[in-house]
Every structure is written in C-alpha cells, then in structure tokens.
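# Structural overview
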Amino acid sequence: MKILVINAGSSSLKYQLIDMTDEQVLAKGNCERIGIDGKITHTLDTGKKISYEVAFPTHTEAFKELVKLLTEGEDKVISSVSEISAVGQRVVHGGEQFSKSVRITDEVLQTIEELSDLAPLHNPAAVLAIRAAREVFGEQVPQVAVFDTAFHHTMPEKAYMFGIPYEYYEKYHVRRYGFHGTSHRYVSNRLFEISEDISRNGSRIITCHLGNGSSLCAIKNGVSVDTSMGFTPLDGFIMGTRAGALDASVVTYLAEKEGLNSREMSDLLNKKSGLLGLSGISSDNRDVNRAADAGDPRAQLTVDMLSYQIKKFVGSYAAAMGGLDAVIFTGGIGENDHHVRKRVCAGMDFLGISIDEILNREMQHGAEGKISFPHSRVEVWVIPTNEELLIARDAALLAK
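Residues numbered from 1 in each chain as written. Predicted model: local features only at pLDDT ≥ 70, side-chain atom pairs only at ≥ 80, totals over all residues. Heavy atoms only, no water.

### Brief notes about the overall build of the protein
Under the convention used in this document: Strands here mean DSSP runs of E at least two residues long; helices mean DSSP runs of H or I at least four residues long; both are numbered from the N terminus. Note on method: radius of gyration uses C-alpha positions; expected globular size equals 2.2 Å times residues raised to 0.38. Classification of residues uses two cut-offs on accessible area relative to the type maximum, computed with a 1.4 Å probe and protein chains only: under 20% is buried, over 50% is exposed, and between them is partly exposed. Methods summary: accessible areas were calculated by the Shrake-Rupley approach with a probe of 1.4 Å, and residue burial reflects only the protein chains presented. Charge assignment in this entry is limited to Lys and Arg as positive and Asp and Glu as negative, and neither His nor the chain termini are counted. Charge positions are represented by NZ for Lys, CZ for Arg, CG for Asp and CD for Glu.
Scanning the protein from N- to C-terminus turns up 15 helices and 14 strands. Over its C-alpha atoms the protein spans a radius of gyration of 22 Å, differing by no more than 12% from the 21 Å that the globule rule assigns to 400 residues. Each of the 400 residues in the protein was classed as buried or not, and the buried ones make up 52%. Accessible area for the protein stands at about 18,500 Å²; split by element, carbon and sulfur atoms hold 50% of it. Mean positive and mean negative side-chain charge positions of the protein (42 and 52 charges, respectively) differ by 2 Å.

Encoded structure:
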C-alpha cells in the first residue's frame, strides 16, 4: 500500500509518497508559488534532487505535475496513480467536530471549510488541496483528513476553557484547541516503543515541539490533558515571530497608543514579535544564539526568556499531572539545539531531571536517544518528529 501525504499552504503543496510495506519514503517534494508563477522541488529516495520552474495557476496543476514526476520518465517511482491507495491530507483545524482522523466525504469537506474562520490561513488551503486531489485522482482514491487539533480533544473542560463570559464559548466556540497534535502524538507513541521503563498506562509525559512555531503538551496515560497553544497558535511562549501569552491589556493599550486596528495588531503579535521582535536580529533561533554568544544583550535576553518560559510550562504541567516520567524534545529547535535543552533542564533536579551533557551535545541532525543520566528519575529524550508518517498511517488504516 502506498500513501500520498499532502501538507498544503495557500501557495504551496508539500508531499511525500510513502510505501507502507516498510514505511519508506519513495519521493518527496514541494510545489511552491502556486497562483504566482510556480516551482517544484522533487527528491527521490536515492537522494537525487530535481527542481524546475513550472506554471501553477492553482493547486490542481501542482497535483498534476507531482503525479507526472512520480509516474513518468526514468526517475518514476510508481507505474501509475492506481498504485496510490489513499491521500492523507493534513488539516490544521478540526474545531470541536473532529476528535480523530476521518475519511473525507462531502459533509466532512463542507465542515472543514466552515471552520476556516478559526484557521483562515490554513483550512482554506486544505480545502483547495482536497478538491484538487479529487479532480486529479477521482473519487475512487479515498482521502483522509488528519487534524492538528484532534489529539487535544481529550483535554478536560477546566484546561480548555477561558475565563471570559461563557456565552462566547456557546456562540463562537472560543476555547483552547491546541495545535501540533500530530507531532505530539507521534513522539509520545514513539517513546512507548523505545523506552524500557515507560508504558502508556500510568505515564506522565511532557512533549516539547520547538521550532519556528512551538508548543508543549502534557500527556497523561497517552492522551493530551493540556497544551500551551490556545484558541490560535499565538498562545504559549515566545516563538520565531509570535509573542506567546501576554496580558490581554497589552493588546488594547498598544492598539490605542499606536492607532492599530485588529488586523494590524494581529500582524504585530504573529509576525513581528517573539525572537524577531525581542532580539531585533532574526526569527531564526540559530541567528539569535550566535548573536548572544557574540555578546549582544538583547539576543541574550531573548535566549534567556525562551528557556525560562519553557521551563515554567514544564513545571506547571508536572504539577497538573501529579508528577513526571519523561520529557521529550522534538521539532527543528528541540531536535538540534543542545543549548536550549540544557537551559530548560538546568536546575530541574528537584523534579528528577538530570541530563548528561555529552549525550545532549550528540543528539542532533536526526539522532534519536535518551540524554538523561541513568539515575535521573525523569527520562529526557530527543525524538525526531515524523508527522507525515503518522498521517500516512492514519490514511492507510482508514482507507482499508
């Protein structure tokens, strides 16, 4: 069984073709600048890369081009589209309607489209990709929607409600939804496979998905009980360009002082804040680290704030779960920045966290392993995430 995994943006379409026999990625790529001009970058499992410009007026043309690369010429990896058993579509927001992955029907597609108010940058793109895939593959190839929010449906009401009038939850569904659920689910399940001492039942785990967008998740008995992102991915702690949680009065105060409307304020908090806004240097954690090492005081402040805020979430989630068995680092920063891991874990001996700095430094560039000392009561792991594989697994299961 071969599954085509799709992660669509408004002007892009990332894809992977995965053979579920051995879960090997046969080919992957990205169709960029859809609706502008167009470019495709395609990588084979041999490492060979193919890249060229091609017109992509819509997502449909992008699908046709990737199918052409997969099925034609000397670099083809399948003989025809009939070898594709299902298409797995990443959908950011499932609202309160979807608590798990589902096969896409007309009704499901309509609901995803109706939820666009909650994810205006993401859900419309997923709808375009689903319709384009239908046009290219036809109705006979099943499509499966895998939602970023679904994993967090197990959060109790006390964790997902906000302290605003209840009527706004009833009228507009304003609540904490959480994101990165596919990543949090993948790495926590992976821990149960590789840890000799931690199993799902009775476990208390904190997963740290750290990248340009970041979130933490408290996972008890294998299910999400709390997460740092909220109604939108803006909530939590500082990220590449996002402010994270802050006093809501800061928003109204700055809007009044600067004469900003709601769209301009959203732009400030989502695109001009976080590492970029604080450091004044870059939204890339690596650039900020280099500047801090060179003595830049604002960069150092940014570095300190990031680890401090993550550390506070770790402590609060351990309290909420009544203890802690493991911490997992994943995502671009979590997998590769040993400095961040060291700073987050420093001074956490009281929780039972003690990491081996030699092992910590070795864990990067896709390495997987435990970085805590054998005597540490809490296991600390670096586990590379693989959201595409989890999407493929869900799609394969539901396509049968």
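### Quick look at the sheet that holds strand E2 (residues 13-19)
In plain terms, the rule: Here, any two strands with at least 2 DSSP bridges between them count as paired.
Taken in spatial order, the eight strands line up as E5-E4-E3-E2-E1-E6-E8-E7 in an open sheet, and their pairing is mixed. Looking along the sheet, the strands with just one partner apiece sit at the ends: strand E5 (49-53) and strand E7 (102-103). Inspection of the sheet shows E2 paired to strand E3 (residues 24-32) by seven bridges, in the antiparallel sense. Looking at the pairing, Tyr15 lines up with Gly29 of E3.

### Here's the deal with empty space enclosed by the protein
Cut-off, in case you're wondering: Method remark: on a 1 Å grid restricted to protein atoms, a set of points is classed as a cavity if a 1.4 Å probe fits but cannot get out and as a pocket if it is open with protein on both sides within 12 Å along at least five of seven lines; lining residues have an atom within 4 Å of a point. Grid points are joined across faces, edges and corners, and a volume is the space filled by probe spheres set on the points. In the scheme used here, Gly and all other residues not listed as nonpolar or charged are polar, with Ala, Val, Leu, Ile, Met, Phe, Trp, Tyr, Cys and Pro taken as nonpolar and Asp, Glu, Lys and Arg as charged.
Overall, the coordinates contain one cavity of 30 Å³ or more when judged by the stated rule. Taken together, Asn7, Ala8, Arg90, Val91, Val92, His122 and Ala126 make up the full set of residues lining the largest cavity. Those elements that place two or more of their residues in the lining of the largest cavity are strand E1 (2-8) and strand E6 (84-91). Residue classes in the lining of the largest cavity are distributed as four nonpolar, two polar and one charged.

### Brief notes about the packing of aromatic side chains
Basically, it comes down to this: Note on aromatic pairs: the rings of Phe, Tyr and Trp (six-membered ring only in Trp) are paired at centre separations within 6.5 Å, and the planes decide the class, stacked below 30 degrees, edge-to-face beyond 60, tilted for the rest.
Scanning the model with the defined rule gives eight aromatic pairs in all. When the centroid spacing of 6.4 Å and the interplanar angle of 40° are considered together, the rings of Tyr160 and Tyr169 count as tilted. Neither residue differs from the other here; Tyr160 and Tyr169 are each classed as buried. When the ring of Tyr166 is compared with that of Tyr169, the centres are 5.5 Å apart and the planes differ by 65°; the resulting orientation is edge-to-face.

### Some words on helix H2 (residues 106-114)
Let me state the cut-off plainly: What the arc measures is the spread of directions leading from the helix axis to the C-beta atoms. Residues are treated as being in contact if the distance between any of their heavy atoms lies within 4.5 Å.
Among all positions of H2, only Val108, Leu109, Thr111 and Ile112 are buried. Along the axis of H2, the buried residues cluster in a sector spanning 160°; they form a single face. Of the residues in H2, the exposed ones pointing more than 90 degrees away from the buried face are Asp106, Glu107 and Glu114. In this structure, the buried residues of H2 make contact with E6, E7, helix H3 (123-137) and strand E8 (143-147).

### Here's the deal with the pairing of strand E12 (residues 326-330)
Extensive coverage of E12 is indicated by the burial of five of its five residues. Side chains of E12 alternate between two faces, with Ala326, Ile328 and Thr330 and Val327 and Phe329 buried alike. Relative to E12, strand E9 (residues 204-209) runs parallel, the two sharing five bridges. Bridge pairing in E12 places Cys208 opposite Phe329.

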